[in-house]
Structures are given as C-alpha cells and as structure tokens.
Amino acid sequence: CRSVNFKMDSTWSNPTIVLYVVTVLFASVFAFAAHRKNVIVDDKGIQYTITKIKKIPMILSFLALWILLAFSTCGADYDSYNYLFMNSHNWYYITQHHNLEVGFAAFQWFIYLITDNVDIYNSALAFVFLFLIYLTLIKQKNKIHFGWAILVLSTTFYLQFMNLKRIY
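Owing to the predicted nature of the structure, the values given are computational and were not obtained by experimental measurement.

Caption draft 1: Examining the pairing of strand β4 (residues 47-53) more closely. Taken together, the 7 bridges between strand β3 (residues 35-41) and β4 define a ladder with antiparallel strand orientation. Residue pairing across strands places V41 opposite Q47, the latter belonging to β4. Where β3 folds back on β4, the antiparallel hairpin that results is connected by 5 residues, among which G45 adopts a positive phi of roughly 85 degrees.

Following this line, the structure appears as structure tokens:
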C-alpha cells in the first residue's frame, strides 16, 4: 500500500497511521479556521448571523484530503477500479459484463478519452468526491458548522472512500 510517497506492504504500519491522523487533523484544523460567523445589527437593532467560509483555509483543508486520496494506492478494490478504468473504452464490457453503474462508467469513459493514466483517473475521482461534499457544505454553511462537518467526514467516510469509490 502506498500513500503519497510512503511505500509499504498491505499491512498497517506506523507511517501509514501517522499519515492518516495528520491528514485528518490538518484538514479539520483548517476547516475550523475557515468557518467564520459574523453578527450584524441592522438599523432597527435586529441581530443577524452571517456565516462565511474563508477561502484559503478551506482550500488548504480540501487539498490535505485530496492529496492523500489522489495519490494513495490503498484500498481493497484499488486494482479492480484501475482495471475497469483501463477497459472503460469497451462500454459493453464494463456496463454489462461487470454491471458497472452507468454514471460511474460514463465518468471513467470520459476520463479515458482524455488520458489512460490511472493516477489522473484516481486524482479526478478523488477531486469530484471531495468537491461535491465541500460544495454542499459551503451551500449549507448557515445550517452546518464547516469545521465539525469536515472532522466528521474525515473520521467516518473519508478513509472508506479508498475501498468504496464506486459507491461514494
């Protein structure tokens, strides 16, 4: 299993655990730094709370999570996903023979049109996964605390993504 420039076998090792914990902490700290609530008082004395997400800490939080997913070669089905990607030019083979979901197959096919590099494919898949989550959290910033949401994401669903890419 290789995560970012660490070469390891398929068992857990101290560098892997440290890398995961540091990534989660780094992303969470920057997510908390990104979340800002401002109280505004209008002319009538009514208070309004406006939540803003600061861009630089949010981007740093995103990059911390994205880099690990984009360059990690861990996951029970890592080789299977790469195999399906390398065969995504054969629509029948991946959708009928492997029963791959049409949306996921279309994503693979589109990336394969651009390049057959599995690292770019895995990077794009990780980007889409995180981008959609971050975009949703930004849109819900007045209802959900951005820092807590990233902490929950990174401690529950984030590492599972390495095994369940299609589902996510």
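Caption draft 2: Highlighting the packing of aromatic side chains. Scanning the entire structure with this criterion turns up 12 aromatic pairs. Ring centres of W66 and F71 lie 5.8 Å apart, and the angle between their planes is 75 degrees; this geometry places the pair in the edge-to-face category. Ring geometry for F107 versus Y121: centroids 6.4 Å apart, planes at 45 degrees, classification tilted. Of this pair, F107 sits in helix α5 (residues 102-114) while Y121 sits in helix α6 (residues 118-139), and the two are 14 residues apart along the sequence. Pair check on accessibility: F107 and Y121 agree, each one buried.

Caption draft 3: Spatial organisation of a nonpolar patch on the surface. A cluster of nonpolar side chains, contributed by V18, V22, F26, I56, I59, L60, L63, I67 and F71, occupies part of the molecular surface with about 740 Å² of accessible area. Those elements that place two or more of their residues in the nonpolar patch are α1 (14-34) and α2 (55-71). Looking at which element gives the most residues to the nonpolar patch, the answer is α2, with 6 residues. For L60, a relative accessible area of 31% corresponds to the partly exposed category.

Caption draft 4: A look at the packing of α2 against helix α7 (residues 146-156). Contact geometry of α2 with α7 gives a least axis separation of 12 Å together with a crossing angle of 0 degrees. Considering their axes alone, α2 and α7 lie roughly parallel with respect to each other. Contacts from M58, S61 and L65 in α2 reach F146, I150, L153 and S154 in α7. Classifying every residue of the contact of α2 with α7 gives 5 nonpolar, 2 polar and no charged.

Caption draft 5: Spotlight on the environment of L100. On the secondary structure map, L100 appears in the loop between α4 (91-97) and α5. Spatially, the C-alpha atoms of L100 and L84 are 8.9 Å apart, while their sequence positions differ by 16 residues.

Caption draft 6: Main features of the confidence of the model for the protein chain. Looking at the protein chain, the pLDDT average stands at 84 and 89% of residues meet or exceed 70. Per-residue pLDDT, averaged within each element of the protein chain, yields its smallest value for strand β2 (residues 6-7) (46) and its largest for α2 (94). Overall, residues 2-9 carries pLDDT values under 50, and its contacts beyond four positions in sequence, including any with other chains, amount to 23 contacts.

What counts, and at which threshold
Residues numbered from 1 in each chain as written. Predicted model: local features only at pLDDT ≥ 70, side-chain atom pairs only at ≥ 80, totals over all residues. Heavy atoms only, no water. Pairing = 2+ DSSP bridges. Helix = DSSP H or I, 4+ residues; strand = E, 2+ residues; numbered from the N terminus. Phe/Tyr/Trp six-rings, centres within 6.5 Å; stacked < 30°, edge-to-face > 60°. Buried < 20%, exposed > 50% of the residue type's maximum accessible area, 1.4 Å probe, protein only. Patch = residues over 30% accessible without salt bridge, like charges linked within 9 Å, V, L, I, M, F, W, Y side chains within 5 Å. Areas by Shrake-Rupley, 256 points an atom, 1.4 Å probe, with all protein chains shown as cover. Salt bridge = Lys/Arg side-chain N within 4 Å of Asp/Glu carboxyl O. Axes fitted to C-alpha atoms, helices over the stretch in contact; angles between N-to-C directions. Parallel < 35°, antiparallel > 145°, perpendicular 65-115°, else oblique. Contact = heavy atoms within 4.5 Å. Nonpolar A, V, L, I, M, F, W, Y, C, P; charged D, E, K, R; others polar. pLDDT = per-residue confidence, 0-100.

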